[in-house]
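Spelled out from the first residue to the last, the chains are:
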Amino acid sequence: MLSTVDLGYTTVIIPKLLDMMLSIHNKVSLKQCFTQMFFFFMVSGAEDILLFIMAYDRYIAICSPLHYNQILKGKNCILITIAIWLSSGLNSLLFTMSVSNMSFCQSNTIQQIYCDSKALTKIACSGTELFDIVLYLEFLILGLGPFLCSLTSYVKIFGGLLRMKSKDGRIKVFSTCSSHLTVLLLYYSAASSAFLMPSSKHSRLLGHIFTALYSTITPILNPLIYSLRNKDVKRALLRLVRAQK
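Here the structure is a predicted model, which is why all the values come from computation and not from measurement.

Looking at the secondary structure, you find methionine 97 in helix H4 (residues 74-100). Separated by 62 residues in sequence, methionine 97 and glycine 159 place their C-alpha atoms 43 Å apart.

Once that is clear, we can look at the packing of helix H2 (residues 30-63) against H4. With their axes 8 Å apart at the nearest point, H2 and H4 run at an angle of 140° to one another. Taken together, the axes of H2 and H4 are oblique relative to one another. Here the hand of the crossing between H2 and H4 comes out right-handed. Along the contact surface, H2 presents Phe34, Met37, Phe38, Phe39, Phe41, Met42, Gly45, Ala46, Ile49, Leu50 and Ile53, while H4 presents Ile80, Ile84, Trp85, Ser87, Ser88, Gly89, Ser92, Leu93, Phe95, Thr96, Val99 and Ser100.

This brings us to the UniProt feature "transmembrane region" (unreviewed entry) in the protein chain. Taken from the UniProt record, the annotation "transmembrane region" (unreviewed entry) applies to residues 37-56, 77-97, 139-159, 171-190 and 205-225. This span, residues 77-97, is 100% helix and 0% strand, and a straight line between its end C-alpha atoms measures 30 Å. Its end C-alpha atoms 28 Å apart, residues 139-159 is made of 100% helix and 0% strand.

All right, on to the nonpolar core then. Ranked by internal contacts, the top residues of the largest apolar core, which has 43 residues, are Phe40, Leu51, Val99, Leu120 and Tyr214. Elements represented by at least two residues in this core include exactly helix H1 (2-22), H2, H4, helix H6 (128-163), helix H7 (167-196) and helix H8 (203-227). Apart from residues no more than four positions distant in its own chain, valine 99 is found in contact with Phe34, Met37, Phe104, Ser117, Leu120 and Phe131.

Moving on: the state of the cysteines. Overall, the coordinates contain one disulfide when judged by the stated rule. In this structure cysteine 63 is a free cysteine whose sulfur lies 8.7 Å from that of cysteine 177, the closest cysteine sulfur available. A relative accessible area of 30% places cysteine 63 in the partly exposed class. This cysteine, cysteine 77, is not joined by any disulfide, and cysteine 177 carries the nearest cysteine sulfur, 17 Å off. Residue classification places cysteine 77 among the partly exposed positions, given a relative accessible area of 34%.

We now examine H6. Its 36 residues give H6 an end-to-end C-alpha distance of 51 Å, which sits within 8% of 52 Å, the value for a rise of 1.5 Å per residue. Along its length, H6 reaches its greatest deviation from straightness, about 35°, at leucine 144, and the proline proline 146 lies no more than four positions downstream. All buried positions along H6 are accounted for by Phe131, Val134, Glu138, Leu142, Gly143, Pro146, Ser150, Ser153, Tyr154, Ile157, Gly160 and Leu161.

Position of leucine 72 among the secondary structure elements: in the loop between helix H3 (68-71) and H4. What makes leucine 72 buried here is its relative accessible area of 12%. Taking C-alpha positions, leucine 72 is 25 Å from arginine 163, a pair spaced 91 residues apart along the chain. Not counting the four nearest positions on each side in its chain, leucine 72 is found in contact with Asp57, Cys77 and Ile80.

Conventions we followed
Residues numbered from 1 in each chain as written. Predicted model: local features only at pLDDT ≥ 70, side-chain atom pairs only at ≥ 80, totals over all residues. Heavy atoms only, no water. Helix = DSSP H or I, 4+ residues; strand = E, 2+ residues; numbered from the N terminus. Axes fitted to C-alpha atoms, helices over the stretch in contact; angles between N-to-C directions. Parallel < 35°, antiparallel > 145°, perpendicular 65-115°, else oblique. Left-handed = near helix turned anticlockwise from the far one by under 90°. Contact = heavy atoms within 4.5 Å. UniProt positions renumbered as here; feature names shortened; annotations may be inferred. Core = buried A, V, L, I, M, F, W, Y, C linked by side-chain atoms within 4.5 Å. Buried < 20%, exposed > 50% of the residue type's maximum accessible area, 1.4 Å probe, protein only. Disulfide = S-S within 2.5 Å. Expected span 1.5 Å × (residues − 1). Bend = angle between axes of the 7 residues up to and from the residue.

Shown next, in the form of C-alpha cells:
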C-alpha cells in the first residue's frame, strides 16, 4: 500500500510538470488543477494514516507478538485498507471543494510545481474562510493526530527495547523499525518544512525545494530505503561500490 501511495504522488505531479517543462504550453485549466489537487491530497492523507498504521504494526509485533495474528489478521488488514482510502478520499473531496469556493482575481499564476492549495490562497480575493477551517481540521486530524500516534507507538517500542536483556533481540527490533522510522522522519520533516515555513525573501525558493522533496524525492527514496533490508539488494549494492573502486 505504501508503494501505491508513492506511485500516486509521482503520477499525480510528475507527468503534468514534465509536459509543462518540455513544451511551451505552461497552462493548466481549473478542472485539471482541482483534479490534480484532489488526488494529491487523497494520497497524502492516505500516507499520513498509513505511516501510523505501520508504526502500530511494529508496536504490536514487538510489544505484543502473541496477539499479532489476532489483531492484524487478514480480514482486519483489508478493513483498515478500505477505511484509509475512504477517509482520505472524503477528506480530499472536502478540501478540494473548500478551495473551489474561492474567487481568484489577483493573478492567474501559481508559484508552485503543482496545484497547491497554499499557493492558490495567495491569489484568492475571497472565499478563504471555509478553507482556513478545513485546513485547521486537516492539520489536527490527518497531520498532528497520526504523527502523535506514531510517536506514541515508538515511545512504547523503545521502552520495550530498553527492557530487553538480549543483544540479538535489540538488534532484531532495530532492524524491524529502522526502515519505517527513516521514512517517517523524512516525510514529516519535509512536509512540515514546506507547510509551516515562515515567510521570508527566500521562502518561495525554499518552498519549492521542500515541496519537491516530500512530494517527489521522498516517494522515490522509500522503495530504496526498504530494499536495503533485502540481503540480495545489499550484496548487489556492495558489488557495485567495489566495482567503482
